[in-house]
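Coordinates in review
Here's the letter readout for the chains.
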Amino acid sequence: VVLAAVKHTKEALEYASEQLRNDREVVLAAVEQDGRALKHATKELRNNREVVLAAVKHTKEALEYASEQLRNDREVVLAAVEQDGRALKHATKELRNNREVVLAAVK
């Protein structure tokens, strides 16, 4: 039921149980609907590269909710800034100083 709900209503993950907010399949379905649903995923899944990549490819704001480790992951940050260069503000300082990342953000 929750899986069907998150595929149709982006807010559904917010009201799901902790167990379901830690279910990779449920969270992937939610972030593919709206990347900002990552905000309601468990800490563990906000540090899951596959989940975070799916989220930032759909919504640049999702990078804000990714773990510090993934906000320092070049591929993840590139995927976000290619959606919208303003996502750069959520990258780590190291990647905000990375020439390739900044160039991708300003294109």
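The structure reproduced in this document is the subject of the present report.

About the thresholds
- Residues numbered from 1 in each chain as written.
- Predicted model: local features only at pLDDT ≥ 70, side-chain atom pairs only at ≥ 80, totals over all residues.
- Heavy atoms only, no water.
- Core = buried A, V, L, I, M, F, W, Y, C linked by side-chain atoms within 4.5 Å.
- Buried < 20%, exposed > 50% of the residue type's maximum accessible area, 1.4 Å probe, protein only.
- Contact = heavy atoms within 4.5 Å.
- Axes fitted to C-alpha atoms, helices over the stretch in contact; angles between N-to-C directions.
- Helix = DSSP H or I, 4+ residues; strand = E, 2+ residues; numbered from the N terminus.
- Parallel < 35°, antiparallel > 145°, perpendicular 65-115°, else oblique.
- Left-handed = near helix turned anticlockwise from the far one by under 90°.
- Nonpolar A, V, L, I, M, F, W, Y, C, P; charged D, E, K, R; others polar.
- Arc of directions from axis to C-beta.
- Polar contact = N/O pair within 3.5 Å; in protein donor to acceptor, adjacent residues only side chain to side chain.
- Salt bridge = Lys/Arg side-chain N within 4 Å of Asp/Glu carboxyl O.

Some points on the nonpolar core
- By size, the foremost hydrophobic cluster in this structure holds 34 residues, and its most contacted members are Val31, Leu38, Val56 and Val81.
- Not counting the four nearest positions on each side in its chain, Leu38 is found in contact with Val31, Leu45, Arg46, Val51, Val52, Ala55, Ala62, Tyr65 and Ala66.

Quick word on the packing of helix α7 (residues 74-83) against helix α9 (residues 99-106)
- Relative orientation of the contacting elements α7 and α9 amounts to 15 degrees, with a least axis distance of 8 Å. Relative to α9, the element α7 lies roughly parallel. Judged by the twist between their axes, the crossing of α7 over α9 is right-handed. Note on element contacts: α9 touches α7 through Glu100, Val101, Ala104 and Ala105, opposite Arg74, Val77, Leu78, Val81 and Glu82.

Some details on the packing of helix α4 (residues 24-33) against helix α6 (residues 49-58)
- Axis separation between α4 and α6 bottoms out at 8 Å; the angle between their running directions is 15 degrees. Relative to α6, the element α4 lies roughly parallel. The element α4 and its partner α6 pack so that their crossing is right-handed. Seen from α4, the contacting residues are Arg24, Val27, Leu28, Val31 and Glu32; seen from α6, they are Glu50, Val51, Ala54, Ala55 and His58.
- Across the contact of α4 with α6, the residue classes tally to six nonpolar, one polar and three charged.

Structural notes on the environment of Lys43
- Within the secondary structure, Lys43 is located in helix α5 (residues 43-46).
- Judged by its relative accessible area of 68%, Lys43 falls in the exposed class.

Details of α9
- Of all the residues in α9, the buried ones are Val101, Ala104 and Ala105. Along α9, the residues classed as buried sweep out an arc of 100 degrees about the axis, all on the same side. Along α9, the residues that are exposed and aim more than 90 degrees away from the buried face are Arg99 and Val106.
- Looking at the packing, one finds that the buried side of α9 touches α7 and α8 (93-96).
- Put simply, Asn98 is the residue that caps the front of α9, since its side-chain oxygen is 3.0 Å from the backbone nitrogen of Glu100.

Digging into the pattern of salt bridges
- One pass over the full model with this rule turns up nine salt bridges.
- Between Glu50 and Arg24 there is a salt bridge whose closest N-O contact spans 3.4 Å. Here Arg24 lies in helix α4 and Glu50 lies in helix α6, a separation of 26 residues in the sequence.
- A residue is classified by how much of its surface remains accessible, and Arg24, at 38% relative accessible area, is partly exposed.
- Of the charged contacts, one joins Asp84 and Arg86 as a salt bridge, the two residues approaching to 2.6 Å between their closest N and O atoms.
- Residues participating in the shared-partner salt-bridge network are Arg49, Asp73 and Glu75.

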